[in-house]
Each structure stands twice: as C-alpha cells, then as structure tokens.
Amino acid sequence: MAILEARELHRFFHIGDEETVALRSVSLTLEPGEIVAVMGPSGSGKSTLMNCLTGLDEPDAGFVRIDGVRMSRRPEADKARLRAHAFGILMQSGNLFPHLSVAENLRFQMLLAGRFDPERSSRLLLGVGLAHRANALPTELSGGETARAGLAVALATDPPILVADEPTAEVDTATEGRLISQFEARRAAGKATLIATHSEALARRADRVIRLKDGKVIDV
Ligand code: ADP
Ligand code: MG
C-alpha cells in the first residue's frame, strides 16, 4: 500500500483580485522504498504541493492520506501528531533554530522525538558533509550548508517519509553525490523519499519523476 497518497489536490491563492492556481488536480502516490523527484520551473507549484502533502498547508480540494489515514481537514493537533510520526521535512527555509548550533539543532530534534543518539547525529553530519560545521550557528552557514543542516535535522529520526524541497540547490557536484547516497540508503531501508529539485543528476537516480507546470502534472 502507498505510504502517501494525494488525490486531486487543488490550491488557490488570492491577493486582491488576483487569483493564482498553485495546484490543479494533482494526484500522486509514494511507495515505501521509492525515491520520487518533483520537477518543474520556479512557480510551478512544487513547494505548495509539499506543504499540502505534509499538512503544513491545507488543500482547497482533494485530500492526502498517510499510510491510509486522512491528513487533510483534521484538527491541527491530529495533523501535528501524524506529521511527527510520518515525516522528516526540509522546507526551502526556516528549518533551523537560529540560536542553536547545527549539532544542537540535531540534538533538539532527536530529543523532541524521544531520544538523543549522539552516534547517529555524528553519522548524519558526516553524511551531509557537515562534520566540520557541527558547532556553527545557522547565521554562519552558506546557503548550501544551511540546506544540508536542515536535511540532517529532517533525517534525525529516520522518518518513514522524507519530503525535501530543493535539498541540493547551491551545492557542488561532489556534495550532491553525497546527498544522493543518503537518499539511496533510505531506498535500501524501505523508506520513501520525495524531493523537489531542479537537478537532472538527482532525477536520473530517482525511481520516478513527476513534472509540474502551472500547477498541473504533465506527461513528458
Ligand atoms: P515552486 O515551489 O515550484 O517555485 P510555489 O509552490 O512556491 O512554486 O508557487 C506556486 C505558485 O503559487 C506561484 O505562482 C506562487 O507565486 C504562488 N504562491 C505560493 N504561495 C503563495 C502564497 N502564500 N500566497 C500567494 N501566492 C502564493
Ligand atoms: Mg519552491
């Protein structure tokens, strides 16, 4: 059974009289052990889709199910519980607490989930190429380093589903390869991974690519 299912999601935004249709009837499924890349130009709806899938935003129509349980249109506390169990999430910004170092951010995330595992923390930092930046504050990191630190936090609890919004933007090829290895390790462990990306290298290693244009899934 799909661990994540989205059926006919629609999302509209209104600013004054302007209406933006950010998602038009987007459906998708994600199976355990799959890596799926979501691609499309800037403004095509990738981030809106990820927000709706993780319950951080509510679709205007359609629904999301996590492991058979409906996420959409539930009380916030229920969604938060579902989200905490199912997801590791890397958004495009705001993934780190600014007053905590990289290592402290990781530790905090693990404590929230119940247990700090120092060995896993070190392994994750090594895996995203940030072992040498463990004690840096988020303000001291480059864009690419910030995304990788956020990715380590999203992976802290080894979640059943990783949703990552452009994790390899602003990183060099070698680092990108390292991040792809992290995703492939998840595949081998039967964990699902959904990544919004512009990277063709990443898309080539994905099991499937979903292409968005103007909020719609297009066939290519
Ligand atoms: P992508 O991540 O592919 O760049 P987004 O999901 O961020 O695309 O945006 C899709 C469309 O929805 C864009 O036209 C964007 O301007 C619009 N949009 C996204 N979020 C909001 C918002 N909170 N309010 C108004 N418009 C939004
Ligand atoms: Mg985006």
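Because the structure is predicted, anything quoted here is derived from the model rather than measured.

Here the focus is the sheet that holds strand β3 (residues 35-39). Sheet strands associate in pairs through backbone hydrogen bonding, adopting either a parallel or an antiparallel arrangement. If you walk across this open sheet you meet the six strands as β6-β7-β8-β3-β9-β10, and the pairing is mixed. Edge positions in the sheet fall to β6 (87-90) and β10 (216-218), since each has one partner strand and no second. Taking the axes of each pair of neighbouring strands and ignoring which way they run, one obtains an average angle of 20° across the sheet. With four bridges joining them, β3 and strand β8 (residues 192-196) adopt parallel strand pairing. Within the sheet, the bridge partner assigned to V36 lies in β8 and is L194.

Taken as a whole and judged by the stated rule, the model has one aromatic pair. Where F97 meets F108, the ring centres are 5.3 Å apart and the plane angle is 85°; that geometry is what we call edge-to-face. A residue pair is termed long-range when its members are at least 10 positions apart, and F97 in the loop between β6 and α3 (102-112) and F108 in helix α3 qualify at eleven residues. On the basis of relative accessibility, which here comes to 39%, the residue F97 falls in the partly exposed class. We classify F108 as partly exposed; its relative accessible area is 33%. Over the ring of F116 we find R107, and its NZ or CZ is 5.2 Å from the ring centre.

Nonpolar side chains in soluble globular proteins generally cluster together in the buried interior. The biggest cluster of nonpolar side chains holds 31 residues, and the ones touching the most others in it are L106, L125, L151, L162 and F183. When residues of this core are traced back to their parent elements, those giving at least two are β3, α3, α4 (118-127), α5 (143-154), β7 (161-165), α6 (173-188) and α7 (200-205). A total of five residues in this core trace back to one element, the largest contributor, which is α5. If you look at the next biggest cluster of nonpolar residues, it comprises 29 residues, including L28, V38, L49 and V163.

Where α3 meets α5, the axes come as close as 9 Å, and the angle between the chain directions of the two elements is 20°. Classed by the angle they form, the pair α3 and α5 counts as roughly parallel. The interaxial crossing formed by α3 with α5 has right-handed handedness. Here V102, N105, L106 and Q109 of α3 come into contact with α5, specifically with A149, A152 and V153. By residue class, the composition of the contact of α3 with α5 is five nonpolar, two polar and no charged.

Of the two faces of β6, the one lined by F87 and I89 and the one lined by G88 and L90 are each fully buried. As defined by bridge partners, β6 adjoins β7 across four bridges and the pair is classed as parallel. Following the sheet pairing, F87 is matched in β7 by I161.

How each quantity is defined
- Residues numbered from 1 in each chain as written.
- Chains lettered and ligands numbered in written order.
- Predicted model: local features only at pLDDT ≥ 70, side-chain atom pairs only at ≥ 80, totals over all residues.
- Heavy atoms only, no water.
- Pairing = 2+ DSSP bridges.
- Helix = DSSP H or I, 4+ residues; strand = E, 2+ residues; numbered from the N terminus.
- Axes fitted to C-alpha atoms, helices over the stretch in contact; angles between N-to-C directions.
- Phe/Tyr/Trp six-rings, centres within 6.5 Å; stacked < 30°, edge-to-face > 60°.
- Buried < 20%, exposed > 50% of the residue type's maximum accessible area, 1.4 Å probe, protein only.
- Lys NZ or Arg CZ within 6 Å of the ring centre and 35° of its normal.
- Core = buried A, V, L, I, M, F, W, Y, C linked by side-chain atoms within 4.5 Å.
- Parallel < 35°, antiparallel > 145°, perpendicular 65-115°, else oblique.
- Left-handed = near helix turned anticlockwise from the far one by under 90°.
- Contact = heavy atoms within 4.5 Å.
- Nonpolar A, V, L, I, M, F, W, Y, C, P; charged D, E, K, R; others polar.

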